[in-house]
Each structure stands twice: as structure tokens, then as C-alpha cells.
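Remarks on the overall topology
For reference, the chains in residue letters:
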Amino acid sequence: MNVHLQEDLSKHTLRADDGIAKGADLLKVENISLSFGGVKAITDISFDIKKGEIRAIIGPNGAGKTSMLNVINGFYFPQQGTITFRGEKRRRARASETARDGIARTFQNIALFKGMSTLDNIMTGRITLQKRSLLWHALWKGPAEREEIEHREAVERIIDFLEIEHIRKTPVGRLPYGLQKRVELGRALAADPALLLLDEPMAGMNLEEKADMSRFILDVNQQYGTTIALIEHDMGVVMDLSDRVVVLDYGKKIGDGTPDEVRNNPDVIDAYLGVPH
Amino acid sequence: MLSEIFVEPFADMVAAPDFLMQVLWEGLVSGILYALIALGFVLIYRSSRIFNFAQGIMVVFAALTLVGLHEAGVPAWVSVVLTLGVMFVLAVVVERVVLRPLVGQPDIILFMATIGITLFLIGFGEIIFGGENKVMITQELGIPTDSVVFEPFGGLLILEQKDITAAGIAALLVIGLLLFLNKTRMGRAIRALGDDHQAAMSVGISLQTIWVLVWFIAGIIALVTGIAWGARAGVSFALEVIAYKALPVLMLGGLESISGAIVGGLMIGMLEKLFEIYWGQPLLGGNTETWFAFMLALVVLLFRPQGLFGERIIERV
Amino acid sequence: MFYRTAGQFKTSYSADQALFPVRQDAVLLIVILAFAWIIFPLTASEFTFQTLLIPILIYSLAALGLNILTGYAGQLSLGTGAFMGVGAYACYKMVTLMPWMNPIVAILLSGVFSAGIGVVFGIPSLRIKGFYLAIATLAAQFFLVWLFEKWAWLYNYNASGAIQVPNLDMFGVYVAGPQATSFTQYYVVLAIVSLLTWVCINLTRGRPGRTWKATRDMDIAAELIGIDLMRSKLTAFAVSSYIVGVAGALFVFMWRGAAEPNLFDIPLSFRILFIAIIGGLGSVLGNYLGAILIVGLPVVLGIVPEALGLEITSATVEHLNVMIVGGLIIFFLIIEPHGLAQLWRLIREKLIIWPFPH
Ligand SMILES: Nc1ncnc2c1ncn2[C@@H]1O[C@H](COP(=O)(O)OP(=O)(O)OP(=O)(O)O)[C@@H](O)[C@H]1O
Ligand SMILES: [Mg+2]
């Protein structure tokens, strides 16, 4: 990965650099329960995410993984429990505010802006960092233009890093699935997040694409120091990438630990082999 | 001031219950027609995701065709049959020329296309039938034009027979449609289409057939509305506006809900009349019927975005 | 050949973000501006000013305003006509209450009122989406037109219920009212339309434009990447209604000369919507192309039968016109749902690689 990206980070954002030491709690999830009408999606789950780690969330289909991410980034407000991010308890707030606090994500079903180019999509990731008012933008010349160029430069580094220069101006709707996933990662990275949530970033990819994506994720984590929480079904990938794994099943937590610990956990094995409870 | 808004109207209602009943009856007649038109919208929307703006002009077009044919010397009932034929041809043409090439386009594009149809029919209709007001062939169709007088609470309640007939026919049509939708294979296919395209396809009826059918049903509805409303207000392009009234009904009742269209239509018909008579005319200079239904729907949706009958949907990603 | 871009390389992002990365586009624009600012006004007849040049500019501006809301921010509005009315009535009240006010300032300020009312009627968009919102905008349409009729203060209690544009001058030259010449009015309109078009281009190519498009394309995702949907939608309503309001003021003060409430009724709203859609949603250029088509068509239709020696009454011409516009809408939607602007984009791309197809 190129060095500029790091320089860029230190230059433009202080969000990732929040004084929390590597290895300390970045996010704490405590006793979260969430239900939709009668459906209990999550029951009394607690775990933590430490700064600088890659934390995997795994579990069979419908286990509540996506719902968990949705709670973490404020899309759903849980009926019970608390989320503490950087030592601050989450209040009930609009979902857009969590993004402004430095939590970015990708989606299980790609949620790109179909009518826009790759470049513009990734630029939207920086909207929260652009501060000039509408009036300056109406004039363009001066502060607004400078701001646009400054953020464009940051975005271009991400484009280089993800090796998608050739599709910079292509409308994302025309891109193949694998590239769309990459653009979506780019958009999340553009926000310089303190915590990056990835919902099945490799679903539906071939081996080569998976290898690329794994490399990007590792690079982001190691070079940026970005903390990552990742949902993934491919066990090989999970074991390779993650530092710690939390396992959900039917909305309950059934395992938590290093990849090795989790692999040998009998409850987890049962859940995956489909042993009835 | 406050008493003019909150007390006097209700005092008036209690003081003259016969007049209140008259107002409600007139609202009800309009409401039935709103419900009928809204039903036409719902059927088309459920089966093709098209928000059919042409419904209003179809009412005008059907009424003009009917009157025009009769003026040309065709007997009244034959004119009705021929007009139905014209509405069927219209349905086929719309499906062939407009819907088929636009399958799969975004909603707004299809919506715009129906506005295109509207303009086309306005121009076409004016060229063929001319723009002047016409009189609905009420008597020729055997619709009685006398009125029935009741004397509730010692007051006076006058029901026009043509309104009674209109309400009756509209109600029959609504019932007929409900039976059709619930009891026939075709009807069930239309309803299924709203929920799941795949399921509907598996019934073995082609999408094209269904589209022609729902547009034809919309055409029948247009004709009935045209006759009923034309008997009250004459036949002209101004008739189109009553179709706008179906729109707030759809907001309240939901674009896909058949029962919502019916209940919403009746509610709006009566409430707007009540508001106009007891608040609009004394306090606001009248003619509030142009906007009242829209404002009502807007306010309700602000508090219940899912509409009166919709279930709350939790968005997901 | 004309659009050969080989040899034009961008050396910085600012150059890449320039309005015209391709030189020929800039040349084309200069030609168009030369026509608009010099050649047309010097050669146009009164008829051309009144039936083509001035209305095309004003309709383009109104469509541009609507396009910000519907094309960029994805909020379908059917109430454009009423918001033009708000601009027109606001302007009328300002110039009659404060006759010393500079008319151009009054026109530019009238948009502030329509923006305010636009924001109020935009609030439902926070909870209501799609067609439901479109119907909600009809509430604004019907209510406002009703208000124009019933609130006599708005038209200074004129017996006719209409507003009549008074003579207004600026530095000794009449710019509005019966005394103003089409020549002057054309320049006033052109200046304001050019200014606001430039503003819209700036807004749509930067952060505000991306915010709106994100809201349009996928509002949930937009919110989750940190876009404040309320702000995004309400700014779209404000900017859009501002422009539409100014267009409404121009419509009455620089063109019609007088207005009754029903001028702002639904047909006007739809006319603007057609222009925006036929021109191309989400495009600035498209509004001009659409306006040229919709305004120009009846003029052409009025001339052609005469030239062919056919006897057609003017009423028939008008009806034919309505019918053809309806047909054209369907036709364009079928051949190119993204409108004339997209058609131009495709032609341009062809020209760039021409004569080497690949
Ligand atoms: N918006 C919603 N409304 C109703 N039920 C929901 C909603 N979102 C999720 N659920 C339900 O909650 C449960 C957990 O869903 P979730 O999407 O979190 O699972 P998941 O672990 O991400 O599964 P997968 O591996 O298939 O993505 C499921 O039973 C699902 O049907
Ligand atoms: Mg999931």
C-alpha cells in the first residue's frame, strides 16, 4: 500500500486518532436485545471491539449478525442494552450521527448510489468531512473549490490503493459485482473511519477477488490502524484475517475468542453442524 | 374566533340535523365515486407499479365518447356498449404502444408516460368531440331524475334519484370488482401480482393479458364515473379534476389497498363536504374542496406515514 | 473529428474538475453564449422575443429549479406552478409596497419567499416518500392557488382578482410593465437565468450535488454514511423553490405582464415537469433542450400548416399541439428515458471517437 495514504490520514483526520491506545476498548456492546414485532433478532448480547483489531462476527444465516451491525451503527436502536463507543454511551440519535462520529460500513446487499460514478460514490464518503456551506459551493471559486480539490486528492489515493483507477468515471451500476464491492469499501474508507464495519465483503466473489479483498482489508488494518468488525461466512478467510471472533446463533452469543478457541468450542461446532438445541 | 371554529359549527350541526344529513349524503355520493376511481388506480398500481395519471382523462374521454355517439344518432344503450368497446381498444393500445416498450423502467418514467397518455387523450378528445360542455344522456339511459324527499326530525332531506342511482351503480360495481378479484382465477392473479410477480406468473396468465384487463377495468370504472358525475355536473374536460380527488384517497388508504381505497374514498367525500359547509364557507370564503382532501391526507401521513391501513414497515439494509 | 480529444491531458485534479475538460465543449459554449447575448437580441423580431426567446429562458429556469428537487434530490414534485405563483405574487407585493425598490432586486428576493414556503411543504418529505410525496405536493399546488384567489391582499384588492405589472424602471430604462421593450426584458431575463444556471452548475458538481444524488439513489445508505437526510431534502426544497420562485416572478414581470390565479394551476406545473423530464432529469443542460422543444413545438406547428397551404383553425392547432406533446413524451420516454441531455451525451461520445468506431 502506498505511503501517501497514511500521510493523508494524519493530515486530514483526527478522527481515527482519538487518544485511545491500541488494544483498549473502542466499542463495548452490553446486554443488547433487539426484536422486530414478535421476532427476536438479538437476545442479550455483549462483546467488545478493541482498538486496532480485526473482529469477526460469524454465525449461521439469520443469526442476527447484520442486525448487530445495524445496532452498532445506529440504524436500529435496541430495546435493551447499551453501546459505548470511545467511552461514550450512545444516546438515541439519528443514524447519520454515528457516521459522523467515525463509524463507517459496507452493506451485505450492495448499497451504492447507482446513478453516480465510482469517483462520486467514493467522494460521498467524505461528505461528513466537507464543511463549507451551501453558499460557498454556490460560488464555487475560492474555498469551495479548494475543499473539493483537497478531498478529491484524498479520494484519488483511495482509488489508487484499491486499484480501480480505470473505472473512476464509470457509473457504478455498470460495474461487475466484485468491483462494486470494492467501490463500496472505498466509500467507507473515504470517511477515514475509526471503526469500519464490513458486512460480508467477500460474499459472491471468486477466489482471486477474495484474495484481493483480504489483502485490502489487512492493509487497511495494518497501515491505517483502522479497527475493523467483519461479518463473513467463509471460515478460511475469517481464521486468516481476524484477531478475535464472536459467534452468534439464533440471536444469542455462543462463542467469543481467538479463531482457535472458537474453532474448538463445542457449542460453535454444534451450531455449524446443525445439532438441534 | 375560537368559538367560530370549535363551537358554532357543531352547534349548527345539532340545531339542524336534517341539513347535516343532507350534507353527509352529498359527501357520501362523491365519496363513492372517489372510492371507485381510487379502486381503478389501485388495480393498475398493484398489477404494474404504474401510477396511472390518465385515470381522470379516461373518465372525460369515456363520457364524451358516450355522449358523442348518442349525438351521432346511436341509441343510448348501444352507445354504452360501443363506448365499452372503445375503452377496450384504448386498453389494448396503451398496453402495446406504451407499457410494453417501457417494461422495467423506473416508476417515475412510467408515471410520466401516463401523463403523456393524458395529454394525448385531451388533444385527441378535443379534436374529435370539441371542447364545449355537453349534457349527459341521463334520461335516455333510463336514469330517473326526480328527487325523493324525506322528513327526518321534522326537517327536510332531498335525495336526487340520479344520485341514488349513481351511488347504487357505483356500489354494485365495487362489489362486482371485489367478487371478481376474490373469486376468479384472473382476479386472484391480479391481486397476487401486487405481492409477488413470480407467483402471479405461475398462475399461467400472461402479464400482458393482465395489463390489458386492468386498464379495461379502469376504462369501465371511468365510464361509470363519467355517467354518474356527468349527470350531476355536465360533461366537459373539467370532469378530469374529480380524478385528482382520488389521489388523497390513495394517500390515506394506500396505493395497494383495495379496502383502503373504499374506506378512504367515503371518508374523504364526507369530510370535505362537512368542512366546506361548516368551516370553509362561513370562515374561509368557500371552495375549500379543491385542497381540503389533500391537506387532510398530508396531515394524517405526517403522523402515520404508513397511511391509515398500512402496516408499519421497518426498513432494512 | 471536431470532438477529437487526443492530446488533451489533465495535469491536475482542478483541471479535471473544470467545467469543460474537453476543449470543444468550451468552444461550443462560447458560440451559444455569443448567439444568446449578441446575435439573437440584435436580430430577433418582436414575435421571436415574445414567443420563443423570452419564454424559453424562463421555462428553462423553472425546469432547472424543479430538476434540482426531482432530478438531483429525487423528490417528485407536482406543485411547481404554485411555487412560481408564490414568486410572482411576492414580487408584485414588493414592488407595489416599496415602489423605490430596484426591480431586479425585487425579482431575486421574491425567490426567498417561495423558498420559505417550499421548505414548509418540504417537511413532509422527511416522512413521506415517492408517489405519496408527489401527491402531498399537490396539496401545496391546490392550496396555494386557492389562496391566490381568496386572499385579496395579495392582489391589492383589484376588482379583477388579477395582478397587473406596473411600469418599473431602472436607471431611467423601463424593465417591466407596458412601457418596457422586449429587447430590455430579454437581457434582464438572460442575465438572471445565466447567473442562476451558473449557481446551479456549481451546486450540483460539488458536495451539495453529491449529497442530493445520494439521497435520491438510496436514502438509507446516504443516511448511514453520515448524510443528514433532513438537511439534504430541505436544502433541495429551498434551492429548488428559490429558483422556481424567481422564474415565476420573471414569468409574470418579464413576459406575461399580468396574471390570474389559475395561471399557476396544475397545467403549468405539468408543463415544467415535461420540460425537465424530456430534457433529462439530473441534468442542467436538459432543461434548455426540453424548453426549446416544448415552447418551440407549438410555434412550429402554427407555421407549418400555413406554409403547406392547409386550412386549420387555431383551436385545432392548439389541440393538435397538446396531442403531439403527449405523443412526444411517450416517444422520448421509450427511445431515451434519460432525456434529450442523455441523447446529446451519446452523440457527443460518438463524435469524440468518430471517425474511428470502436
Ligand atoms: N427489518 C426487519 N424486520 C423484521 N425482521 C427482521 C428485520 N431485519 C432482520 N430481521 C430478522 O431478524 C433475524 C436476524 O436477521 P439478520 O439479517 O441480522 O441475520 P444475519 O445473521 O445477518 O443473516 P445472514 O447471514 O443471512 O445475512 C432474521 O430472522 C430476520 O428475518
Ligand atoms: Mg446478514
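One can find the structure itself at the top, above this paragraph.
In this report, the structure presented in the accompanying data block is examined. For every chain, the first residue of the written sequence is number 1, and numbering continues from 1 onward in sequence order. Naming scheme: in the order in which they are written, chains are lettered from A and ligands are numbered from 1. Where totals are concerned, whole chains, interfaces and linings use all residues; where local detail is concerned, this predicted model gives features only for residues with pLDDT of at least 70, and gives and counts side-chain atom pairs only at 80 or more. The basis for every side-chain value is the complete set of non-hydrogen atoms in the structure, without hydrogens or water.

Some thoughts on the site of ligand 1
Using the following cut-off: Throughout this document, a residue counts as near a molecule or strand when at least one of its heavy atoms sits within 4 Å of that molecule or strand. Here a polar contact is taken to be a pair of N or O atoms separated by no more than 3.5 Å, where protein atoms must pair a possible hydrogen donor with a possible acceptor and residues adjacent in sequence count only if both atoms sit in side chains. Throughout, the Shrake-Rupley method with a 1.4 Å probe supplies accessible areas, and for residues the shown protein chains are the sole cover considered. A run of DSSP states H or I qualifies as a helix once it reaches four residues; a run of E qualifies as a strand once it reaches two. Both are numbered from the N-terminal end.
Taken together, the neighbourhood of ligand 1 is formed by 16 residues, with Gly62(A), Lys65(A), Thr66(A), Ser67(A) and Gln108(A) sitting nearest. Site remark: ligand 1 is flanked by residues from chains A and B. One nitrogen or oxygen atom from the main chain of Gly64(A) is found 2.9 Å from an oxygen atom belonging to ligand 1. When isolated, ligand 1 has an accessible area of 630 Å², and the protein chains bury 77% of it. Among the elements that make up the shell around ligand 1, the one with the highest residue count is helix α2 (residues 65–72) of chain A (three residues).

Let's talk about the interface of chain B and chain A
Rules: We call two residues in contact whenever any of their non-hydrogen atoms come within 4.5 Å of each other. For any pair of parts, buried area is found by adding up, for both, the accessible area (1.4 Å probe) each one loses once the two are put together. The working definition used for a salt bridge is a side-chain nitrogen of Lys or Arg within 4 Å of a carboxyl oxygen of Asp or Glu.
With four residues of chain B at the interface, the matching set in chain A holds seven residues. Summed over both partners, the interface of chain B with chain A buries about 460 Å², with 73% contributed by carbon and sulfur atoms. Summed over the three residues of chain B that lose the most area to chain A, namely Ile314(B), Glu315(B) and Val317(B), the buried surface amounts to 93% of that side. Across the chain B-chain A interface, the total number found is zero salt bridges.

Things to note about the coordination of the magnesium ion (ligand 2)
Going by this rule: Here a donor is an N, O or S atom found within 2.8 Å of the metal, or within 3.2 Å if the metal is Na, K or Ca; sites may look incomplete because water is not among the atoms.
Protein coordination of the magnesium ion (ligand 2) is provided by Thr66(A) (OG1) and Gln108(A) (OE1), with donor distances spanning 1.9 to 2.1 Å. Placement of the pair is Thr66(A) in helix α2 and Gln108(A) in the loop between β6 (103–105) and α4 (118–124), with a sequence separation of 42 residues.

Observations regarding the pattern of salt bridges
Residues and elements named next belong to chain A. Defined as follows: The buried label applies to any residue whose accessible area, calculated with a 1.4 Å probe on protein chains only, is under 20% of its type's maximum; exposed applies above 50%, and partly exposed to all values in between.
One pass over the structure, following the stated rule, counts 29 salt bridges over all chains. In this structure, the salt-bridge partner of Arg-126 is Asp-192, at a minimum N-O distance of 3.6 Å. Taken as a pair, Arg-126 in the loop between α4 and α5 (134–139) and Asp-192 in the loop between α7 (177–190) and β7 (195–199) lie far apart in primary sequence, 66 residues in all. Note on accessibility: Arg-126 and Asp-192 belong to one class, buried. Here Glu-184 ties to Arg-187 by a salt bridge, and the two come within 3.7 Å at their closest N and O atoms. Of this pair, Glu-184 and Arg-187 are both found in helix α7, three residues apart, which corresponds to roughly one turn of the helix. The pair formed by Glu-184 and Arg-187 is uniform in burial state, with each residue classed as buried. Here the salt bridges share partners, and the residues they tie into one network are Asp-25, Lys-28, Asp-48, Lys-50, Glu-53, Arg-55, Arg-244, Lys-253 and Asp-256.

Quick notes on the packing of α7(A) against helix α8 (residues 207–224) of chain A
All names here are of chain A. Counted only if it meets this: An axis is simply a line fitted to the C-alpha atoms; with a helix, the fit covers only the stretch in contact. Between two such axes, the angle follows the N-to-C directions and lies from 0 to 180 degrees. In these notes the angle categories are as follows: under 35 degrees is roughly parallel, over 145 is roughly antiparallel, 65 to 115 is roughly perpendicular, and the rest is oblique. We call Asp, Glu, Lys and Arg charged. Ala, Val, Leu, Ile, Met, Phe, Trp, Tyr, Cys and Pro are nonpolar, and the rest, Gly among them, are polar.
Packing of α7 against α8 leaves a shortest axis separation of 11 Å and a crossing angle of 10 degrees. In terms of their interaxial angle, α7 and α8 are classed as roughly parallel. Mapping the contact onto sequence places Gly-178, Lys-181, Arg-182, Leu-185 and Leu-189 in α7 and Glu-209, Asp-212, Met-213, Phe-216, Val-220 and Tyr-224 in α8. Looking at the contact of α7 with α8 residue by residue, the class counts come to six nonpolar, one polar and four charged.

A few points about the interface of chain B and chain C
If you look at the interface, chain B gives 48 residues, while chain C gives 39 residues. At the boundary of chain B with chain C, the tally comes to zero salt bridges. Our count for the chain B to chain C interface comes out at six residue pairs in polar contact (both at pLDDT 80 or more). For the side of chain B that touches chain C, the elements supplying multiple residues, two or more each, are α5 (76–102), α6 (107–129), α12 (246–253) and α14 (292–303) of chain B. Considering each element in turn, the side of chain B that touches chain C owes the most residues, 16 residues, to α6(B). When its residues are assigned to classes, the side of chain B that touches chain C shows 35 nonpolar, nine polar and four charged.

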